[in-house]
Structures are given as C-alpha cells and as structure tokens.
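What follows is each chain in one-letter form.
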Amino acid sequence: MAQKQLGGVLAALGLTILLAAPASADLVAVAVDNHSVNTNGVMGPPKNAPSDHVAIVDTKSNPPKLVGTVEAPTSVVGAPSAVWISPDESWVIVTAASQIDSADPSKIIDDDRVSVIDLTTTPPKVTQTVHAGKGANGISVSPDGSRVLVANRAEGTLSTFAVNNKQLAAGEKIDLGNPKSMPSSVRFLPDGKTALVTLYGDNAIGILHIDGGKVTLDKQRIVTGVNPYMLDLSGDGKLAVVGNMGGGGNGDICAVSLIDLTTLRAVDTAAVPSSPEGVKFSPDGNFVAVASVDNTTKPSDSPLFHDKGQLRMLSVNGKNLKTVAEGTIGRWSQGIAFSRDGRVVMIESMIDRGLNTFHWDGATLTPGATIDVKGGAAAIGTSWP
C-alpha cells in the first residue's frame, strides 16, 4: 500500500511540474473506467474494483506518455465525449454515467456526477462535484468558456451549467421530448448560440439554440442514420461528423455521416465496420478517424466475434468522405484523439486497457506504442480542436 501511495504522489508531482512549465506539454485527458469490465461478452463490475480516474497523457513526448492520474468518477456508458480539458490545460470536467450499486456490488446503476479537476494544485485534485441527470454523458463547453452542456443519456434531458472561476453553477434542465431519446454527444457550434446533440434513441440529431442561460430545442432535426452517437466538429467549424451505430451489435456494417454546418444538413455518408464508437477530425480538417468496436465485445464462441477492432482513416474532400487507410486496434474501442500536429492518432481500448497509437503521415498508418493508462480507457479530450 505504501508503495502504491508513493507511486501516486510521484505521478502527481510529475504532473504538477509539467504543468508549471509554460508550453511544455500538449495534454490529453483520458477518463478511465475501472468499475466496468467485459468478460467474454458479459458486462459487469469486477470484484474489488480499483477507483476510476482521469489519466493525463503528454503527447509532446515521443511516444506519448502517462504523466499523472487523478481519482474521479467516470464511465464507459455513452459516447466517449465525457471528459473535457481546458485550452490552457489548467482544469478538467468529467462525467460519470454509471457506478457500482453500493447496495449490491454485483450491479451497475446510473450515475449523475460531474467532477471538476484542478490540474494546477499540488497534487491535482477534484475541487467540485455537481449533479446533472441520470446517465450524465457528453460534455461541451461554449467557445467563450462561460457555459457547459451535459447530455443525460438515461433520462432524455440536457443539464446546463454556468462557469465562474473554474467552478460550475447548475442552471436549467432541458427536456428533449422523449425520455428514451438517449442524448449522447453534445457540441457547441463556433457561434456559441447553437449546439447539436445526438439523439441515439430518436435516430436524429437535435439542434439547440442558446441565449445566455436559456436553451431551447428546435423542431428541425438532422437525420444522418440509425442511432447517431459520437459527434465531432472540424477545426474551422464548417463541418461535423457523426458515427451512426445502428445494426452494429448484429454484425452489420455501419456508417459515418458528414454534416454541413452552414445549412445544418447531412451531405455525405461512408460505410465503416460495425459500431463506430469513436469519430474525430484531424486538426487540419482533412481527415476523419473512425474507431469501430467490430464485435470485439461478443463472446469468443460467437460467429460474429473478432479479436481486433478496426480503425479507418477517411479523407475529407470538400463535402465528401473516402476511406484512404485502415488498421487494427484494441477491443471495445472508444474515443480517438490526434496530437496537436496531427501526426499521432490515439485510440482508446476498454478491454486492452490503454491507448493504441499510430503515426499518420497523411497516407499511411504505422502502429506505435500502446500507452498504459491504468485501466479501461473510456473517453478522451484534448486542449485543442
């Protein structure tokens, strides 16, 4: 126990030193869920589960390396957009959609906690815990940093928070019209007055209008495919991409769709392997990376089972998508992040408990090291678009 505590202190000290040096790091925040495991196709809590935490990874290092962890509730349930790190890399917000039932440790139940982590303290620590709604999942912070939206997947609502001095103050909760709409990923658009939210259960993307602390849901919806899930925006704010999960659990191919944000209409769709949990634009907007679970969570004797997930790199040519490269990744893949320069791609794996890395030169994926984040990698956020 003493050795474990010493290791934690040293990791926290290393993270503090790293943050104290201006422009010394490009940090990625990884939500690590240790209370959810998949054992031969069955999801549940492990016995004596270690605490969930947020892992901080320095991508300026080659290869990227883990530089610290901060204990906080997290969850793999929902889209892998459940963690956010500020542009100045000083603080983090992370949600938890699920937790182990304290009354029956053999069960996992809904959670609603939202944690704020200060990365500048010694050691970095959770400074605030607030409550959103059941199944608190995707996070988006307004471009001016004044507002936070949290999608509550298990109750069909959206929670709003005001930001003041890196603390959250609860605002109104928005009813999205269907308790089974399963809102998952939410993103502010660059104007700060509009946001999109994927409504997995409604097979649509909702359009939100924001006026100060008031949020309203537009009657218009964007239809991209069955069960839209993870959503990302291009750096220039002109396009969005969404992974459509429908049919993935049955082994069917799935699709990712491109949305023109000037018209709020879907403009192209490309086929990808089943269950595209992770979608991410490259920093220059020229490519989209897609991580597909591809039935790696099935029992090993299932005819649908695969022992590797699938990574696809799609080029973005105007308003069209085209597959240009592919690779294999870990099982039960989740979110994706690019390094700031776009040359390294990091893909989360829950079962293989880490980040798979690839070097990307615009044409070829070259496998790199796997980063151990001390548990199941469930969601990921960068301080850059």
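Criteria and cut-off values
- Each chain carries its own residue numbering, running from 1 in the written order of its sequence.
- Reporting of local features is limited, given that this is a predicted model, to residues whose pLDDT is at least 70; pairs of side-chain atoms are given and counted only at 80 or more, and all residues count toward the totals for whole chains, interfaces and linings.
- As a rule here, side-chain values come from all non-hydrogen atoms in the structure, and water together with hydrogens is ignored.
- Numbered from the N terminus, helices here are DSSP runs of H or I no shorter than four residues, and strands are runs of E no shorter than two.
- Here a polar contact is recorded for every N or O atom pair within 3.5 Å, except that within protein the pair must consist of a potential hydrogen donor and a potential acceptor, and residues adjacent in sequence are included only if both atoms are side-chain atoms.
- Every residue pair with non-hydrogen atoms within 4.5 Å of one another is taken to be in contact.
- The rule is simple: take the accessible area with a 1.4 Å probe, protein chains only, and divide by the maximum for that residue type; under 20% is buried, over 50% is exposed, in between is partly exposed.
- Only strands joined by at least two bridges in the DSSP assignment are considered to pair.
- Lines are fitted to the C-alpha atoms to define the axes, a helix being fitted only along its stretch in contact, and any angle between axes, read from their N-to-C directions, falls within 0 to 180 degrees.
- Any carboxyl oxygen of Asp or Glu within 4 Å of a side-chain nitrogen of Lys or Arg constitutes a salt bridge here.

Colleague: Where do I start with the side chain of asparagine 356 in this structure?
Modeller: Note that asparagine 356 resides in strand β30 (residues 354-360). Polar side-chain contacts of asparagine 356 include one of 2.7 Å to the backbone nitrogen of glycine 330. Among residues more than four places away in sequence, those in contact with asparagine 356 are Ile329, Gly330, Val345, Met346, Ile347, Ser349, Ala369 and Thr370.

Colleague: So what exactly am I meant to see when it comes to the pairing of strand β25 (residues 287-292) here?
Modeller: Looking along a regular strand, one sees the side chains alternate between the two faces of the sheet. Extensive coverage of β25 is indicated by the burial of six of its six residues. Taking every second residue as pointing to the same face, both faces of β25 are buried, with Phe287, Ala289 and Ala291 on one and Val288, Val290 and Ser292 on the other. Relative to β25, strand β24 (residues 276-281) is paired through five bridges, and the arrangement is antiparallel. For proline 276, the partnering residue across the bridge sits in β25 and is serine 292. In textbook terms, the turn of a hairpin is the stretch between consecutive antiparallel strands, and for β24 and β25 this stretch comprises five residues, one of which, glycine 285, has a positive phi near 80°. Summarising the sheet, β25 and strand β26 (residues 309-317) pair through six bridges and their orientation is antiparallel. For alanine 289, the partnering residue across the bridge sits in β26 and is methionine 313.

Colleague: Just checking my understanding: could you explain the sheet that holds strand β22 (residues 254-260) for this structure?
Modeller: Strands pair in a sheet through their backbones, by hydrogen bonds, and they do so in one of two ways: parallel or antiparallel. Here we have four strands laid out as an open sheet, ordered β20-β21-β22-β23, and antiparallel in their pairing. Each edge of the open sheet carries a strand with a single partner, namely β20 (228-233) and β23 (265-272). Going across the sheet, the axis of each strand differs from the next one's by a mean of 25°, ignoring polarity. Pairing analysis gives seven bridges linking β22 to β23, with the strands arranged antiparallel. In the strand pairing of β23, serine 257 is matched with threonine 269.

Colleague: Sorry, what's going on with the pattern of salt bridges here?
Modeller: A side chain of one charge can pair with a side chain of the opposite charge when the charged atoms of the two come close. With the rule as written, the count across this model stands at 11 salt bridges. Where aspartate 111 meets arginine 113, a salt bridge forms, and the shortest distance between an N and an O atom there is 2.7 Å. For aspartate 111, a relative accessible area of 4% puts it in the buried group. Its relative accessible area of 26% is what places arginine 113 among the partly exposed residues. For aspartate 372, the salt bridge goes to lysine 374, with nearest N and O atoms at 3.4 Å. Here the salt bridges do not stand alone but share partners, grouping Arg187, Asp232 and Lys280 into one network.

In short, the description is geometric, and any link to function would need to be established separately.
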